[in-house]
Amino acid sequence: MESIPLPIRLTLYKLLVELRYCEKRAHDLFLQNLVKGTSHLALGQEAIAAGFGLAMEKGDYTFCTYRGHHHTLARGAPMCGVLGELMGRQCGLLAGKGGSMHLTSVKHGVMGSYAIVGGHLPIAVGAAWSAQYRGSRQAAVAFFGDGTTNIGAFHEALNLAAVWKLPAIFVCENNLYMEYTPIRNVTAVEHPAADRAASYGLPAIVVDGNDVDAVYLAAGAALARARAGDGPSLIECKTYRHSGHSRADPAKYRPAAEVESWLERDPLPTYRARLLAHGVPESNLTNIERDVLAEVDRATEAAKASPPPAIESAFTDVWADGGAQWRN
Amino acid sequence: MAELSYRDAVAAGIAQEMARDERVVFLGEDIGAAGGVFKTTVGLLDRFGPRRVRDTPISELAILGAAMGAAMTGLRPIAEIMFSDFLACCWDYVANEISKTRYMTNGQFTMPLVIRTANGAGSRFGAQHSQSVENWAMAIPGIKVVAPATPADVKGLLAAAIRDPDPVLFFEHKSLYSLKGEVPDGEHVEALGRAKVLRRGDDITIVALAAMVPRALQAADILQAQHGISATVIDLRSLVPLDTQTLLAEVTRTGRLFTVEENPRLCGWGAEISSIVTEECFFDLDQPVVRISTPHIPIPAADALEDAVIPSTARIVTEVLRAVDFRPGAARGI
């Protein structure tokens, strides 16, 4: 871990704080009935997004699931765009046409959040194929949950990426629950992603997904492998969500002792303690926290002030000509 | 003009577009070295190489997903799904991903890709390799649906589909693959969304698609020669976009409309056309719209059974005669 320079580590900490505070704000706005529809919070899983988000280069592609607020922010998408989209406002990343589960910001490399489990893995393979075909140095990174490892698209995507030696990175956020059901109850192997790696001629990689340094280093190694033309990687990050599957889920099915033990490994306080132990002055960290909170507050107010989208926009962009005509 | 088979027109259309645009790539099962299970892609691997013509595993999800990811990042992929029935294996991409991503992202992506597939009955393959599923596709906002009936249209409409910035589901009809016809020399590109009036008559209008087009034409000949009924025959060519102007003009002129559909009855494309015609030119109609379709059953395998359920030339003639005879008072001299 000593190999990570201090400025990078402070940036990782800032990213963790941004993702945590923004996600908490999303939850608050939901309780105020300002976030409509559903939302799937990534509280507790921020280290995976922060580690990859910082390791990835500008042109790299992120593909994430409906639990994708953290990955979207980690690539630099504006908080107001994220919160505004959750609230169905004009300032949203998708101007209200996609919602929480489909956050996308192409200019930040966020190639979409996909709400059909596993659907985005083959799409990420296609983006990696395109990068390989065009001879660009881009890599495509697909984030997904442990439940995804039991759906066919996971296996079709891994196999094709391996056969074509594509610059694709598959990152499993194993938070131990597919939705409400423990992943171990429905999976034949202990590590739902890593234990399948051998099927595609890939090494089994398991990372502490709550340790942002470990994730950052694993991400760097996989990205280097992708850019060298050595093919895909499959990385299983062990983590835990602090809240339920979605807003409808109080997560009462989880044993209290299990929740407690994972809260002790919360990626934020543990990383904060590590930085302090390495001699970072606490004031540096409190300044980061204060600045981020102010930024989240500003984004919240901007999103609240943004109007709902114009009704006419419901009829735009079905087709590339901007319209929705299906007949003459 | 050169004579080409419908089958060879597929490869000709793909080759024309791959030669002019480096972004066009092609993927699918057995399309390269094997030349396609219907021999529609013979020669493409030799001409364009394995970088652009890629054999895939039997992974329909990966084929359409990869095509989508490539289309979102600067390429113009053509994906083959061997039989249209197999679209059910990767329907997530057709119904949820490819068709909706531009809309959901407020126009951040365009999705220039083509899904080619072999559709329809006539090969005695049974219920999982013989379906006409064009009506599944037209029910989804965000994807264009094209189904050519002639070799010239295979080449011209396929070229148009590849150049189109939107996703196109391109239904080739397997019973037409051996059909031969004149194809214009040189670059040939048709416009999407325009129906073609193949013959013009005064008494009735028959609208058909793909393999039902030659049957409708034969029926029109018989109706003229044996019964003195003069029929317009329209090849729709495209369900989305739908050329309602051509359709409404002919129906208004003739007052009688017959749809000939290979898809099963419920929610077949003729139902939408019937609805449009009823809403928009009801007072020009001399009789109810008559839909001639495959019954609402799976496609049976035995030749006798398959032939009995798919609309035939004889059945079109019979249905037309029954309809016009049933309401002699409304007839325009027929």
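Just so you know, these numbers come straight off a predicted model, no measurement behind them.

Residue and element names in this part refer to chain B. You can read the domains of chain B as domain 1 (2–183) and domain 2 (196–329). In this structure, domain 1 and domain 2 have C-alpha centres spaced 27 Å apart. Across the boundary between the two partners, domain 1 contributes 25 residues, which contact 28 residues of domain 2. Area buried by domain 1 at its contact with domain 2 is led by R124, N135 and M138, which between them contribute 29% of it. Where domain 1 meets domain 2, there are 4 salt bridges. The salt bridge partner of K196 is D153, with a shortest N-O separation of 4.0 Å. Counting the contacts that link domain 1 with domain 2 gives 12 residue pairs in polar contact (both at pLDDT 80 or more). Of all the secondary-structure elements, those providing two or more residues to the side of domain 1 that touches domain 2 are helix 6 (134–138), strand 6 (144–146) and helix 7 (151–163). A class-by-class count of the residues in the side of domain 1 that touches domain 2 yields 11 nonpolar, 10 polar and 4 charged.

On to the packing of aromatic side chains, then. Two descriptors summarise a pair of aromatic rings, namely the distance from one centre to the other and the angle between the planes of the rings. Counted according to the given criterion, the structure contains 15 aromatic pairs over all chains. Ring geometry for Y177 of chain A against Y253 of chain A: centres 5.4 Å apart, planes inclined by 50 degrees, an arrangement best described as tilted. Residue Y177 of chain A is found in the loop between strand 4 (168–174) and strand 5 (205–208), and its partner Y253 of chain A is found in the loop between strand 6 (233–238) and helix 8 (256–263); the two are separated by 76 residues along the sequence. Ring plane angle 40 degrees and centroid distance 5.5 Å describe the contact between Y180 of chain A and Y253 of chain A, whose orientation is recorded as tilted. Taken together, the positions of Y180 of chain A in the loop between strand 4 and strand 5 and Y253 of chain A in the loop between strand 6 and helix 8 put the pair 73 residues apart, joining distant regions of the chain. Overall, Y253 of chain A belongs to the partly exposed group, its relative accessible area being 27%. Linked through ring pairs, Y6, F38, F83, F86, F125 and Y177 of chain B together constitute an aromatic cluster. The side chain of R265 of chain A reaches across the aromatic face of W262 of chain A, ending 4.1 Å from its centre.

Residue and element names in this part refer to chain A. On the basis of which strands lie adjacent, the open sheet formed by 6 strands has the order 2-1-3-4-6-5 and parallel pairing. Where the open sheet ends on each side, the last strands, each with one partner, are strand 2 (110–114) and strand 5. Taken over all neighbouring pairs, the strand axes of this sheet differ in orientation by 20 degrees on average, direction set aside. Contacts between helix 2 (residues 46–55) and the sheet are confined to strand 3 (140–145), strand 4 and strand 6, with strand 4 contributing the most and set at about 160 degrees to the helix.

Considering the arrangement of structural elements, one finds S105 of chain A in the loop between helix 4 (79–86) and strand 2. Ignoring any residue separated from it by four or fewer positions in sequence, one finds S105 of chain A in contact with A77, L93 and V110 of chain A together with Q108 of chain B.

What follows concerns the interface of chain A and chain B. Counting residues at the interface gives 40 residues for chain A, matched by 50 residues for chain B. Both faces combined, the contact of chain A with chain B buries some 4000 Å², and carbon together with sulfur accounts for 61% of it. A per-residue breakdown of the area chain A buries against chain B is headed by W129, Y133 and W319 of chain A, which together make up 20% of the total. Summed over the shared surface of chain A and chain B, the result is 26 residue pairs in polar contact (both at pLDDT 80 or more). When contributions to the side of chain A that touches chain B are tallied by element, the ones reaching two or more residues are strand 1 (61–65), strand 2, helix 5 (120–134) and helix 6 (152–163) of chain A. It is helix 5 of chain A that provides the largest number of residues to the side of chain A that touches chain B, a total of 9 residues. When its residues are assigned to classes, the side of chain A that touches chain B shows 22 nonpolar, 13 polar and 5 charged.

What counts, and where the lines are drawn
- Residues numbered from 1 in each chain as written.
- Chains lettered and ligands numbered in written order.
- Predicted model: local features only at pLDDT ≥ 70, side-chain atom pairs only at ≥ 80, totals over all residues.
- Heavy atoms only, no water.
- Domains from an automatic or database assignment.
- Contact = heavy atoms within 4.5 Å.
- Buried area = accessible area lost by both parts, 1.4 Å probe.
- Salt bridge = Lys/Arg side-chain N within 4 Å of Asp/Glu carboxyl O.
- Polar contact = N/O pair within 3.5 Å; in protein donor to acceptor, adjacent residues only side chain to side chain.
- Helix = DSSP H or I, 4+ residues; strand = E, 2+ residues; numbered from the N terminus.
- Nonpolar A, V, L, I, M, F, W, Y, C, P; charged D, E, K, R; others polar.
- Phe/Tyr/Trp six-rings, centres within 6.5 Å; stacked < 30°, edge-to-face > 60°.
- Buried < 20%, exposed > 50% of the residue type's maximum accessible area, 1.4 Å probe, protein only.
- Lys NZ or Arg CZ within 6 Å of the ring centre and 35° of its normal.
- Pairing = 2+ DSSP bridges.
- Axes fitted to C-alpha atoms, helices over the stretch in contact; angles between N-to-C directions.

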